[in-house]
Amino acid sequence: MTPLEFRETVPALESDAYLNWGAGGPSPRRVVDAANASLEHHEYSAPTDEGMYPAAFEVYDEARAAVASLLGATAEEIALTDSTTDGINRVAGAIDWGEGDIVVRTDLEHSAGILPWQRLEREHGLDVRVLETEGGRLDLEAVKSAVDGATLVCVSSLTWTHGTRLPVEKVVDVARDAGALVLVDAVQAPGQVPIDVREWGADVVVGAGHKWLCGPFGSGFLYVRDGVVDERDLVPPAIGYRSVVDENAVEYRYETGARRFEVATASPAPYAGLTAAVSCFEDVGVETVEDRICALTDRLKSGLSEERLLSPRSFESGLVTIAVDDPEATVERLAAQGIVVRSLPRPEAIRASVHAFNSRGDVDALLEALRG
């Protein structure tokens, strides 16, 4: 399937120029059909066939396998969550924090990578160290200074503010030398660039299918490196029958790895949609997707001055940040012209998220509207 053939299967792309994939990716019919079919089977057939719980468990298994293939992990290292924020909170709640424990994050994190640590700072007296950056770039020397004595480092693989790729592997090396756990917010990566969690070496990677993968809302996932649960004695804050080896045992025992972060009954529909979304992405091909995003973002950037372009001139991702005088008013003006982008709280800018499924016409329409 070519990117433009994929585009034809996404109803939301039939008219407007949608350039907001970094917030939410509209699904193709195949994904919605898979989610609907799963729900119908679960509610109509499964009760008197294999059973509603076995039917759901089969969908969970398929989704874990699909995500594992996408990330270069094993299915045993994947837990299913609701979202990136949900995944980060599950990990944050699994650590036995004490007053003065140190968390290091960048000033480029989304609220998902900020609020959990702020809460722990308020409630447990954590020391949250914020790495200041410039132009979406991270200074490794500053990382080395900040991680001394740290318990955890939280870093994004692709920054939502600038679209820059942060040096995850190098951050992991520095953090590991300091004895810190590394949590990577990778939500902007799946569906637009290749991911290999083995190369990163991170302990935990969080993501979701509802952005660049074009999956449904509610299709989050969490990678937990094999062995890290025991190394760090991670005990989730919530427990349920999916968290433990035997829910009917006299003495409960948590699952040994990522599965301990799953808790209880969840609708199989979002995860059936996630599996279908990963399949669609694989049908198009990760290299094809990345190459086309590169070409389209180059086209967009070539029409922007140095003063307006806040993202790197060379390709790093499909996230392109553009300085404007009044971001919210600009978003509204563009929306009135059928062009969907978003404003950012920082810097003072709008962000266009360009996917392989956009057209040259979408990019040209945005450039023309910005000139007007």
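Sequence order as written defines residue numbering, which begins from 1 separately in each chain. Per-residue local features are limited, in this predicted model, to residues with pLDDT of at least 70; the limit for side-chain atom pairs, both in listing and counting, is 80 or more; totals at the level of whole chains, interfaces and linings are taken over all residues. For side-chain calculations, the full set of non-hydrogen atoms in the structure is used, while hydrogens and water are omitted.

Peer 1: Please give an account of the packing of aromatic side chains that cites residues and values.
Peer 2: When we look at a pair of aromatic rings, we describe it by the centre distance and by the angle of the planes. Put simply, two rings from Phe, Tyr or Trp (the six-membered ring, in Trp's case) pair if the centres are within 6.5 Å, and we call them stacked under 30 degrees between planes, edge-to-face over 60, tilted for the rest. Counted by the stated rule, this structure contains ten aromatic pairs. An angle of 50 degrees between the planes, with centres 6.4 Å apart, marks the rings of F57 and Y241 as tilted. With F57 in helix 3 (residues 52-71) and Y241 in the loop between helix 9 (228-232) and helix 10 (269-284), the pair connects residues that are 184 residues apart, well separated along the chain. Throughout this description, buried means an accessible area under 20% of the type-specific maximum (1.4 Å probe, protein chains only), exposed means over 50%, and partly exposed covers the range between. Given a relative accessible area of 32%, F57 falls into the partly exposed group. Consider the rings of Y60 and Y271, whose centres lie 6.1 Å apart with planes at 85 degrees: the pair is edge-to-face. Of this pair, Y60 sits in helix 3 while Y271 sits in helix 10, placing them 211 residues apart in sequence. Y60 sits in the buried class, given a relative accessible area of 2%. A run of DSSP states H or I qualifies as a helix once it reaches four residues; a run of E qualifies as a strand once it reaches two. Both are numbered from the N-terminal end.

Peer 1: Go over unusual backbone geometry, please, and point to the residues and values.
Peer 2: With an omega dihedral of -5 degrees, the bond running from R346 to P347 counts as a cis peptide bond. Relative to the helices and strands, P347 resides in the loop between strand 11 (342-344) and strand 12 (349-353). With phi around 65 degrees, C214 is a residue other than glycine that occupies positive phi space. Positionally, C214 belongs in the loop between strand 7 (204-208) and strand 8 (220-224). Not every positive phi belongs to a glycine, and D233 is a case in point at roughly 50 degrees.

Peer 1: Which residues make up the side chain of T321, and what values do they have?
Peer 2: Its place among the elements puts T321 in strand 9 (residues 319-323). Here T161 takes part through its backbone oxygen, which lies 2.6 Å from a polar atom of the side chain of T321. Contacts of T321, omitting those with residues within four sequence positions, involve T161, H162, R308, L309, L310, S311, L344, P347, A349, I350 and R351. Whenever two N or O atoms come within 3.5 Å, that pair is a polar contact, provided that in protein one can donate a hydrogen and the other can accept it, and provided that, for residues adjacent in sequence, both atoms are side-chain atoms. We call two residues in contact when some of their heavy atoms are within 4.5 Å.

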